Amino acid sequence: MNSDSHKVSRSCTVSHEHGDCFDRLTDEQRKLVEQRQVMVEFKKGENIARQGAFTTHVIYLREGLGKVYFERNNERIVLRVAAPGSLIGLTSLGQTQNIFQYSVSAYVNSVANLIDIRLFRQLIEQNGRFAAAIVDILSETAIQKNERFFGLTHRQSYGKLADLLLCLSGNIFKDKRFRLPLSRKDLAELAGMSTESVIRTIRRFEEDGLIKTSDKTFEIIDMEGLMDICQHG
C-alpha cells in the first residue's frame, strides 16, 4: 500500500488485528488459553455466531472472512467485515450481558478458535495490560461503527462504493490489487446499495480510470480519485 493508506476509512472493518492482545499475557496465561480453546471450521454461509444465543466462547477468527450483522423485525444491517485476527463476542464480556448482540456468518470457508469466555473474564481481572488491550479493541470497534453509519446515511452511491473499496483495500487485503471473494449482492449489502447500483457504479469507476476489475479481482488505479469521491460523494 502507498503512504495514503492511513487515511482510509474504517467504515467496513477495524484497522488492525485483535490477536495482538494475547501478546500481553504471561507464558502461563497463554498456555491456559491454548488448553481452553477449540478450533472449528466453518463453511461458506455457515453461522459463526447467532444474535440472541448464549455466549459461551469468545471467537478468534484465524482464517477467512465473516459478515457481522444486526437483525430486527426481519430487517438486517451489516455492521462490519470480520477479517482474520478479529475477536467476536467481546460485547458479552460483562457479567450482566451473556448473549451475542449480533450474528456472524462466513463469507468464505473460515477457521476460528473458540475460547472459553469464563477464562477471558478471568484474564481481564488478573492482567491489567490484557484488559487495557481489550478496552482498546472495544473502543476502536465503536469508532468504526460510527464511521460506518455516517457513510451509510450521508454519502451518495458513488461515495459509498468508493469508501468501501478503499476500506477493503487498505484494511483487509492490504493491497491496491485484491481478489474479493464476495458476490455483487454481498458487495451491495455491505455498501448499503442495490445490486444494480453497485454494478453501474463499478462500470462508471472503470470508465473513469479509477479501478480495473476482472471477475472477482479489483485493482485501484487512482487512489486519490477514489478518496476525493469518498470525501465529497
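All values reported here derive from a predicted model rather than from experimental measurement. (Residues numbered from 1 in each chain as written. Predicted model: local features only at pLDDT ≥ 70, side-chain atom pairs only at ≥ 80, totals over all residues. Heavy atoms only, no water.)

Chemist: If you had to explain the state of the cysteines to someone new, which residues and values would you point to?
Modeler: Counted by the stated rule, this structure contains one disulfide. Across the disulfide from Cys 12 sits Cys 167; the S-S distance is 2.3 Å. Measuring handedness by torsion sign, the sulfur bridge of Cys 12 and Cys 167 sits at about -95 degrees and is left-handed. Residue Cys 12 is located in the segment before helix 1 (27-35), and its partner Cys 167 is located in helix 4 (residues 157-173); the two are separated by 155 residues in the primary sequence. The exposure class of Cys 12 is buried, given its relative accessible area of 0%. Unpaired in terms of disulfides, Cys 230 finds its nearest cysteine sulfur in Cys 167, a separation of 9.4 Å. (Disulfide = S-S within 2.5 Å. Helix = DSSP H or I, 4+ residues; strand = E, 2+ residues; numbered from the N terminus. Buried < 20%, exposed > 50% of the residue type's maximum accessible area, 1.4 Å probe, protein only.)

Chemist: Let's hear about the pairing of strand 3 (residues 57-63): which residues, and what values?
Modeler: Pairing of strand 3 with strand 8 (residues 110-116) involves six bridges; the strand directions are antiparallel. The residue bridging Val 58 from the neighbouring strand is Ile 115, located in strand 8. In the sheet, strand 3 pairs with strand 6 (residues 87-88) via two bridges, with the strands oriented antiparallel. Paired with Ile 59 across the strands is Ile 88, a residue of strand 6. (Pairing = 2+ DSSP bridges.)

Chemist: Can you break down the pattern of salt bridges residue by residue, with the values?
Modeler: What the rule picks out here adds up to nine salt bridges. Across the salt bridge formed by Arg 30 and Asp 27, the nearest N and O atoms sit 2.6 Å from each other. Highlighted residues: Arg 30 and Asp 27, both in helix 1, separated by three residues, approximately one helical turn. Relative accessible area serves as the criterion here: at 30%, Arg 30 is assigned to the partly exposed category. For Glu 219, the salt bridge identified is with Arg 177, shortest N-O distance 3.9 Å. (Salt bridge = Lys/Arg side-chain N within 4 Å of Asp/Glu carboxyl O.)

Chemist: Describe the nonpolar core, naming the residues involved and giving the relevant values.
Modeler: Taken as a class, soluble globular proteins show a tendency for nonpolar side chains to be buried jointly. Among the nonpolar cores identified, the biggest contains 35 residues, and Leu 187, Phe 205 and Ile 211 are the most heavily contacted of them. Per-element accounting of this core gives the leading share, eight residues, to helix 4. Once residues lying within four places of it in the same chain are set aside, the contact partners of Ile 211 are Leu 165, Ile 202, Phe 205, Glu 206, Phe 218, Glu 219, Ile 220, Ile 221 and Leu 226. Core analysis: the second largest hydrophobic core is formed by 18 residues, Val 58, Leu 93, Ile 115 and Leu 123 among them. (Core = buried A, V, L, I, M, F, W, Y, C linked by side-chain atoms within 4.5 Å. Contact = heavy atoms within 4.5 Å.)

Chemist: Please give an account of helix 2 (residues 117-126) that cites residues and values.
Modeler: All of the buried residues in helix 2 are Ile 117, Leu 119, Phe 120, Arg 121 and Leu 123. Each element contacted by the buried residues of helix 2 is listed here: helix 1, strand 3, strand 6, strand 8 and helix 3 (128-154). Capping the start of helix 2, Asp 116 holds a side-chain oxygen 2.9 Å from the backbone nitrogen of Arg 118, two or three residues further along. (Polar contact = N/O pair within 3.5 Å; in protein donor to acceptor, adjacent residues only side chain to side chain.)

Chemist: Describe the sheet that holds strand 5 (residues 75-82), and please don't skip the residues or the numbers.
Modeler: Spatially, the four strands line up as an open sheet ordered 2-7-4-5, and their pairing is antiparallel. Looking at which strands have only one partner, the edges of the open sheet turn out to be strand 2 (47-49) and strand 5. For this sheet, the mean inter-axis angle between neighbouring strands, taken without regard to orientation, is 35 degrees. As paired strands, strand 4 (residues 66-72) and strand 7 (residues 103-106) are joined by four bridges and run antiparallel to one another. In the strand pairing of strand 7, Lys 67 is matched with Ser 105. (Axes fitted to C-alpha atoms, helices over the stretch in contact; angles between N-to-C directions.)

Chemist: Before we move on, can you summarise the sheet that holds strand 1 (residues 37-42) with the specific residues and values?
Modeler: Strand order in the open sheet formed by four strands is 1-8-3-6, and the pairing between neighbours is antiparallel. Both edges of this open sheet fall to strand 1 and strand 6, since each of them pairs with a single strand only. Its contacts with the sheet place helix 2 against strand 3, strand 6 and strand 8, and it is angled at close to 65 degrees to strand 8.

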